[in-house]
Amino acid sequence: MTKEKSPARQGPRYIFYFLMLAILGWFIFMQFFGVDERTVSENSPSLLYPGTFTWEKSDGTTEEITVPGSYDVPAGETMVITSTLPADFDASSIAIRSSLQDINIYIDGTLREQYSTSKTRLIGKNSASRFIFCSTSHEDAGKELRIELTTYTSNYSGVVNQIFCGDKADIWQLIFNHYGQATYIAFFTLFAGLTTILFSLTLGFVYHTSFDMEYLGWCMIMGATWMLGESKIRQLLIPNSSALASLCFVMILLGPIPLLLYADNVQNGLHRRLYHIVIGISLLDFTVCSILAIANIADYIETLPLGQIILIGTFLMVFTIFASTSETEKKPQTIFCSWLICSFCFALQLNASLYILSHPCPVFLSALECSFCCLSTLSGLFEASSV
């Protein structure tokens, strides 16, 4: 029996929804613009290492350097930096982030911490990026701190990241404050992508047809995987971060495939042969890059530019084809707009791995990606209702 939707019945419902949306808006506003209550008190000491560093070059000369910074060091050569711990040093930990680098940390000539994945990773020449913590105490005050950095790719050779000192929990809190938001968005995008795919497959099973939004769901999953792989806290998420780090580059190499499958489905196979050729090129690029990485000839990051060119070229090609297609051959404009914006965000999001050092832009792109996947989902619902 259908109940009458009278104003008397619907009034309280509208008020309730309005209040819930207002509360949600207030909560989100406070998280972005309210005072950060997670930070330590103003009287707490800075977690940045206060000392100066000297670069001990291979030719025997020395140079005082600024940390963080990037310096001219050949790939494969170990960069050695030293510092004298302050006389009032009492921190329980020293931390530095490895950027595809093997790291050795010495205190007064004694090896305190060593990081290398040479015996645990399956492919690649370099260790996965992560934060390295070295235990210290007040007894180390006045002693020499020596850090050795080695990487086998020119992209990060000579890079010295910020060095922290203090309580390990406080350092992690600082890291979460800076990079946690991107990880939360990545998990949300991953969940939304999985939901989109399952929803599409369910509709396909019920209506015995296929729906375009399945491929947008795959775009979201691949973008989320890249964001999780680029997360500064990924070492806390999974036991083997090297595998997730490799997936960042794999997602870029395979990125054109779901975009082309979506375009082909939307256009009912009008340019299928051309799309299949580009898919074949992407698979060939992925195969060659994987062989080079497995053979330790070249890491994914060294062969990545070609994959980025293919991904961006795919977007431009399909955009041009869509724009030149006659109105009678197009599906509704909402579907075209959703593909256009989702694929644009997806391409930028993946290619940001080398050119965007902070995460606000990828987070914004993920939000757009989710929004327009929802638009495509609605389009799929309208499409299903007409089946």
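Everything that follows concerns the structure shown earlier in this document.
Below or above, wherever it landed, is the structure these notes cover. (Residues numbered from 1 in each chain as written. Predicted model: local features only at pLDDT ≥ 70, side-chain atom pairs only at ≥ 80, totals over all residues. Heavy atoms only, no water.)

A few points about unusual backbone geometry
To keep things clear, this is the line we draw: By definition, any uninterrupted DSSP run of H or I lasting at least four residues is a helix, any uninterrupted run of E lasting at least two residues is a strand, and each is numbered from the N terminus.
For the bond from Val-67 to Pro-68, the omega torsion is 0°, close enough to zero to count as cis. Tracing the backbone shows Pro-68 in the loop between strand E2 (62-65) and strand E3 (69-70). Of note, Asp-108 is a non-glycine position whose phi angle comes to about 55°, a positive value. Tracing the backbone shows Asp-108 in the loop between strand E6 (102-107) and strand E7 (110-115). We note that Asn-296 has phi near 60°; this positive angle belongs to a residue other than glycine.

Examining the packing of aromatic side chains
Which entries qualify depends on this criterion: Geometry of aromatic contacts follows a simple scheme: Phe, Tyr and Trp rings, the Trp one being its six-membered ring, pair when their centres are within 6.5 Å, and the pair is stacked under 30 degrees between planes, edge-to-face over 60, tilted otherwise. Residue burial is assigned from relative accessible area. The probe radius is 1.4 Å, only protein chains are included, and a residue is buried under 20% of its type maximum, exposed over 50%, and partly exposed in between. Geometrically, a charge over a ring is one whose NZ (Lys) or CZ (Arg) sits within 6 Å of the ring centre while staying within 35 degrees of the ring normal.
Under the counting rule described, the total for this entry stands at 6 aromatic pairs. Taking the centre distance of 5.9 Å and the plane angle of 45° together, the rings of Trp-55 and Tyr-71 count as tilted. Separated by 16 residues along the polypeptide, Trp-55 in strand E1 (residues 53-56) and Tyr-71 in the loop between E3 and strand E4 (79-84) bring together distant segments of the chain. Taking the relative accessible area as the measure of exposure, Trp-55 reaches 9% and is therefore buried. Here the aromatic rings of Phe-131 and Trp-172 are separated by 6.0 Å at their centres, their planes lie at 70°, and the arrangement is edge-to-face. You can see Phe-131 sitting in strand E8 (residues 130-135) and its partner Trp-172 sitting in helix H2 (residues 168-207), a full 41 residues away along the chain. Just as Phe-131 is buried, Trp-172 falls in that class too. By way of ring pairs, the aromatic residues Phe-131, Phe-133, Trp-172 and Phe-176 are connected into one cluster. Across the ring face of Phe-131, the terminal group of Arg-97 is positioned such that the distance to the ring centre comes to 5.4 Å.

Considerations on the environment of Ala-91
Going by this rule: The contact criterion used throughout is that any non-hydrogen atoms of two residues lie within 4.5 Å.
Tracing the backbone shows Ala-91 in the loop between E4 and strand E5 (93-98). On the basis of relative accessible area, Ala-91 is assigned to the buried category, the value being 8%. The residues contacting Ala-91, other than those within four sequence positions of it, are Thr-136, Ser-137, Cys-165 and Gly-166.

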